[in-house]
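The lines below spell out each chain.
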Amino acid sequence: MLEYDGVGITAMAAAVPHTIINNYEYTDYFPAEQVKEVVDKVGIYERRFADADTCSSDLCFAAAEKLLTDNSIDRSEIDLLVFISQTPDYRMPATSILLQHRLGLPQSCVALDINLGCAAFCYGLSVVYGMMQGGGIRKALLLDGETRSKVYSPKDRRSAFIFGDAGVAALIERDTKFGHSWFSLNSDGSRGDLIMIPGGGYRHPSSIETLKERVIDEYGNIRSDEQGYMRGGDVFNFVIREIPRDIKKTLEYAEKSKDDMDYIVFHQANNYINSYIAKKMKLDVERIPSTIAKYGNTSSVSVPLTIISELRDKLDGNKTLLLSAFGVGMCWATGIVSFADCKISEIVEV
Amino acid sequence: MELKDFINRIVEQLEIENAKGLNGNTHFRELEEWSSLSVMELIALYDDEFDKQIGDVDIKKCSTIDDLYKLATE
């Protein structure tokens, strides 16, 4: 368990692609009736798709520019930039370093990437909070972006209707107005094959074979080894067991109860999973904001995007949020995060 | 839980419209309502009703409702 004091998010902004995908009409490869059934079950009606020229970094750049401008931030005071993504610009260099230059940040700025999936926002916060505790960093920018629409096959009905694209920026500062924050960060590499893109790395380098589309199951789903797959049932089984346990453990450690949380923000995986966890843990659904219907699953971006989209006018004064996320790795995280007068910009379209 | 009650829970969980004639020998993958998402709904049923952790692989081995029933009760 990781615990921090006197550090928190002072401002947030988000950018989403302007192209809206209506999931009911996403019928190029499957009959409309089948599509409707899946869409209704997962509760994802719209998603945003980045065009071919737009990367995660471009969405984060737009979000960061909005944040820096709206809050008149002196860029020379940003001493740390962390970029979370599994859809970076290049295999090298790290996208964070390119963003340091694009955003006009000083060369003395520490810049690094975190290559983690759906649970990564809590990891990012924890890394930044930890680095800031020492006092040598004045302001930090945590950028989190994904273009998951480019990762999955539109011909695999198990993932075709789920994922969307977005980027967020969060400004993190030290201030005594922030109370304690706690993070539980967990890993289980034995389940590394539950969600995976097997081809295109150095274990199975890109080749004609890895790029070849093939039928992969009895349902006739089609993908290549360079597109992502998800063993949905096993992921669900894992999540409904581990997530309630981790939330309970973190609350106990922090000596808080679920009723002390002003809001509970879950990773927006799909509506079925989130409703099931809420029911199982007897959580107050009024305190659980959701963006799954309009943005889909944007991987690690979904937690901060939901805060920005749904809690924009609700974070005045001191608030405590419980953040819970899980996904590829497997890795999963719970955060109890102190908010104080967080300034949230309007979402921009790119 | 008796097999007939288990079948009723399956009918509810998978939202099966025509439950007539459903029995232990029914091949569940041939039901009109069966889809790839049904696996998730079955896993929820095992967790919720039987406190059992059942994964994709376990369900893959089943073909009839009786097989699913055994997963819950054995």
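Refer to the structure printed above.
Residues numbered from 1 in each chain as written. Chains lettered and ligands numbered in written order. Predicted model: local features only at pLDDT ≥ 70, side-chain atom pairs only at ≥ 80, totals over all residues.

A. The arrangement of the overall build of chain B in detail. Helix and strand counts for chain B stand at 4 helices and 0 strands. Relative to the globule expectation of 11 Å for 74 residues, the C-alpha radius of gyration of chain B, 11 Å, shows essentially globular dimensions. C-alpha extents for chain B along the principal axes are approximately 30 × 25 × 20 Å. Burial status across chain B gives 24% buried among its 74 residues. (Helix = DSSP H or I, 4+ residues; strand = E, 2+ residues; numbered from the N terminus. Rg over C-alpha atoms; globule rule 2.2 N^0.38 Å. Buried ≥ 20, exposed ≤ 12 C-beta atoms within 10 Å, placed from the backbone.)

B. Geometry of the packing of helix H6 (residues 232-253) of chain A against helix H7 (residues 271-280) of chain A. Residue and element names in this part refer to chain A. It is the contact of H6 with H7, at a shortest axis distance of 10 Å, that shows an interaxial angle of 35°. Crossing hand, H6 versus H7: right-handed. Where H6 approaches H7, its residues Phe236, Val239, Ile240, Ile243 and Pro244 are matched on the opposing element by Ile273, Tyr276, Ile277 and Lys280. Partitioning the contact of H6 with H7 into residue classes produces 8 nonpolar, no polar and 1 charged. (Axes fitted to C-alpha atoms, helices over the stretch in contact; angles between N-to-C directions. Left-handed = near helix turned anticlockwise from the far one by under 90°. Contact = placed C-beta atoms within 7 Å. Nonpolar A, V, L, I, M, F, W, Y, C, P; charged D, E, K, R; others polar.)

C. The interface of chain A and chain B, seen in detail. Counting residues at the interface gives 16 residues for chain A and 13 residues for chain B. Among the secondary structure elements, those contributing two or more residues to the side of chain A that touches chain B are helix H1 (32-42), H6 and H7 of chain A. Looking at which element gives the most residues to the side of chain A that touches chain B, the answer is H6(A), with 7 residues. Per-class residue counts for the side of chain A that touches chain B are 6 nonpolar, 3 polar and 7 charged.

D. Here's a closer look at helix H1 (residues 3-13) of chain B. All names here are of chain B. What H1 keeps buried is the set Phe6, Ile7 and Ile10. Looking straight down H1, one finds that the buried residues subtend no more than 100° of arc, so they occupy a single side. Of the residues in H1, the exposed ones pointing more than 90 degrees away from the buried face are Lys4, Asp5 and Glu12. On its buried face, H1 sits against helix H4 (65-73). (Arc of directions from axis to C-beta.)

E. Summary view of unusual backbone geometry. For the bond running from Met92(A) to Pro93(A), omega is 0°, close enough to zero to count as cis. Of the consecutive residues Gly329(A) and Met330(A), the connecting peptide bond is found in the cis state with omega at -10°. Locating Met330(A) in the fold gives a position in the loop between strand S15 (318-327) and strand S16 (331-340). A positive phi angle is found at Ser72(A), which is not glycine, with a value near 45°. Inspection of the secondary structure assignment puts Ser72(A) in the loop between helix H2 (56-70) and strand S5 (78-84). Residue classification places Ser72(A) among the exposed positions, given that 6 C-beta atoms sit within 10 Å. In this structure, Glu15(B) takes a positive phi of about 50° despite not being glycine.

F. Quick look at helix H2 (residues 38-50) of chain B. The end-to-end C-alpha distance of H2(B) is 17 Å, a good match for the 18 Å that 13 residues give at a rise of 1.5 Å each. Buried within H2(B) are the following residues: Ser38(B), Val39(B), Met40(B), Glu41(B), Leu42(B), Ile43(B), Ala44(B) and Leu45(B). Of the surrounding elements, those touching the buried residues of H2(B) are H6 and H7 of chain A together with H1, helix H3 (56-60) and H4 of chain B. (Expected span 1.5 Å × (residues − 1).)

G. Structural detail: the pairing of strand S6 (residues 110-114) of chain A. All names here are of chain A. With 5 bridges connecting them, S5 and S6 associate as parallel partners. Within S6, the residue paired with leucine 80 across the bridge is valine 110. Once the chain exits S5 it traverses helix H3 (residues 95-102) before rejoining the sheet at S6, and the crossover so formed is right-handed. (Pairing = 2+ DSSP bridges. Right-handed = clockwise from strand over helix to strand, strands pointing away.)

H. Layout of the sheet that holds S16(A). All names here are of chain A. The mixed open sheet is built from 5 strands, whose spatial order is S1-S9-S16-S15-S14. Pairing within the sheet leaves two strands with one partner each, and these edge strands are strand S1 (2-5) and strand S14 (263-266). Going across the sheet, the axis of each strand differs from the next one's by a mean of 15°, ignoring polarity. Relative to S16, S15 runs antiparallel, the two being bridged by 10 bridges. Pairing of phenylalanine 326 across the sheet is with tryptophan 332, part of S16.

I. Here's a closer look at the environment of Ala14(A). Relative to the helices and strands, Ala14(A) resides in strand S2 (residues 7-16). Between the C-alpha atom of Ala14(A) and that of Gly167(A), which follows or precedes it by 153 residues, the distance is 5.7 Å.

J. The arrangement of the nonpolar core in detail. Residues and elements named next belong to chain A. Counting residues in each nonpolar core, the largest one holds 127 residues, and the members touching the most others are Met12, Ala63, Leu81, Ala119, Val168 and Ala169. The greatest single-element share of this core, amounting to 9 residues, is contributed by helix H4 (residues 120-133). Each residue touching alanine 169, except ones within four places of it in the same chain, is listed here: Met12, Ala13, Cys60, Ala63, Ala64, Leu67, Leu141 and Leu143. (Core = buried A, V, L, I, M, F, W, Y, C linked by C-beta atoms within 7 Å.)

These results come straight from atomic positions and should not be treated as a statement about function.
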